[in-house]
Amino acid sequence: MARKKIALVGSGNIGGTLAHLIGLKELGDVVMFDIAEGIPQGKGLDIAESTPVEGVNARYSGANDYSAIKDSDVVIVTAGVPRKPGMSRDDLIGINTKVMVSVGQGIKENCPNAFVIVITNPLDVMVWVLQQASGLPANKVVGMAGVLDSARFRHFLAEEFNVSPEDVTAFVLGGHGDTMVPLTRYSTVAGIPLPDLVKMGWTTQEKLDQIVQRTRDGGAEIVGLLKTGSAFYAPAASGIAMAEAYLKDKKRVMPVAALVKAGQFGQKDDIYVGVPVVIGEGGVERLVEIELSAEEQAAFDKSADAVRSLVAVAKGLL
Ligand code: A3D
């Protein structure tokens, strides 16, 4: 069986962490790509030199030419710029739309059969731009945001309840932004939904509302602390979980930015937005179309409309 090849387009903070995690998990060989000369080569060599110590078998290389990503099985895209304190994700659209167009062309020419995971912000619209530019089928182009948003929600809930984060499940729908929709009734501790935990006196509705808001602001909280960039450890871990689900055909149910067709989730037209999907060897194999309450549907529609208005801005830049 051939060794798997994973291309990382963008070798900054998230790209470097992705590269490290891929080695530690032995998911495949890594090609790091960036427009900055020396960065992908240097990071690739540094991580390769850690493999004898870690006892893992993975090859690393770095490149500034798209031919290096040829025949990759998975491409994870973090190319572009992150936000600085005071910036919203949407402020990045001008620069990052152009970056996604060039990345999409590089993928189209070199690895049109790859499974592509986009992490660059503003997330949902960047996935759309990259899918258009690459021409890859929509089931093979997804965005990472929901896994991270739900991981943040799970972490805050685990702290609140003083239980292990592995026993907390959480569901976050919608676009990756201020309008994301954490679904408390589908979020549980060992299967017990959050509203039941409020009834059991484990927490109060007020505390829960605060945690939901902290989850929405989770990215900004890290940007405010770091001051020179945005989160990268948890975003990288989340991207790796998605890549692993595809490479190992795990059929994992995960919230990802996927193409929702007109009529699905109550939407009037096709749109990339965060919804639960099954990820396996076919990429996005199925959308899990859960029934939403009137209130949840309204919140989801508001979030999808926020993505729509950004798509309109990106169209003007293409
Ligand atoms: P950073 O450390 O700046 O790395 C970005 C890299 O992209 C740099 O090394 C650049 O040289 C490179 N780059 C810029 N333009 C190009 C290009 N045209 N082709 C190839 N490489 C290029 O940023 P980061 O790794 O911290 O973040 C990367 C992106 O992820 C940003 O847009 C963030 O906003 C975004 N992000 C998304 C999430 C989500 O949950 C969706 C979370 C955290 C960060």
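No experiment lies behind these values; they were computed from the predicted model shown.

(A) Spotlight on the site of the ligand. Within the structure, the ligand sits among 34 residues, and G12, N13, I14, A79 and N121 are positioned closest to it. Elements supplying a minimum of two residues to the shell around the ligand: α1 (13-24) and α4 (93-110). By residue class, the composition of the shell around the ligand is 18 nonpolar, 14 polar and two charged. A domain-level breakdown of the shell around the ligand finds at least three residues from each of domain 1 (3-142) and domain 2 (145-314).

(B) Looking closely at the nonpolar core. One finds V75, V77, V116 and M242 to be the most contacted residues of the largest nonpolar core, which totals 94 residues. Looking at which element gives the most residues to this core, the answer is helix α5 (residues 123-134), with seven residues. Summarising the domain contributions, this core has at least three residues from each of domain 1 (3-142) and domain 2 (145-314). Those residues in contact with V75, other than ones at most four positions away along the chain, are A7, V9, I69, I107, C111, A114 and V116.

(C) View of the sheet that holds strand β8 (residues 181-189). Pairing within the open sheet is antiparallel, and its three strands lie in the order β7-β8-β9. Edge positions in the sheet fall to β7 (168-173) and β9 (192-193), since each of these pairs with one other strand and no more. Pairing between β8 and β9: two bridges, direction antiparallel. For V189, the partnering residue across the bridge sits in β9 and is I192. Sheet contacts for helix α6 (residues 146-161): β7 and β8; angle to β7, the most-contacted strand, approximately 140°.

(D) Local environment of the UniProt feature "binding site: substrate" (unreviewed entry) in the chain. UniProt's entry tags R83, R89, N121 and R152 with the feature "binding site: substrate" (unreviewed entry), counted in the numbering of this structure. Considering the arrangement of structural elements, one finds R89 in the loop between β4 (74-77) and α4. Judged by the 26 C-beta atoms lying within 10 Å of it, R89 is buried. Apart from the residues lying within four places of it in its own chain, the contact partners of R89 are R83, N121, P122 and G177. The topology assignment puts R152 in helix α6. The exposure class assigned to R152 is buried, which follows from the 24 C-beta atoms found within 10 Å. What R152 contacts, discounting residues up to four positions off in sequence, is T215 and G218.

(E) Summary view of the environment of G218. With respect to the secondary-structure elements, G218 resides in helix α9 (residues 218-226). As a C-alpha pair, G218 and L148 span 70 residues in sequence and 9.5 Å in three-dimensional space. Not counting residues within four places of it along the chain, the set of residues in contact with G218 comprises D149 and R152.

Criteria and thresholds
- Residues numbered from 1 in each chain as written.
- Predicted model: local features only at pLDDT ≥ 70, side-chain atom pairs only at ≥ 80, totals over all residues.
- Near = placed C-beta within 6 Å.
- Helix = DSSP H or I, 4+ residues; strand = E, 2+ residues; numbered from the N terminus.
- Nonpolar A, V, L, I, M, F, W, Y, C, P; charged D, E, K, R; others polar.
- Domains from an automatic or database assignment.
- Core = buried A, V, L, I, M, F, W, Y, C linked by C-beta atoms within 7 Å.
- Buried ≥ 20, exposed ≤ 12 C-beta atoms within 10 Å, placed from the backbone.
- Contact = placed C-beta atoms within 7 Å.
- Pairing = 2+ DSSP bridges.
- Axes fitted to C-alpha atoms, helices over the stretch in contact; angles between N-to-C directions.
- UniProt positions renumbered as here; feature names shortened; annotations may be inferred.

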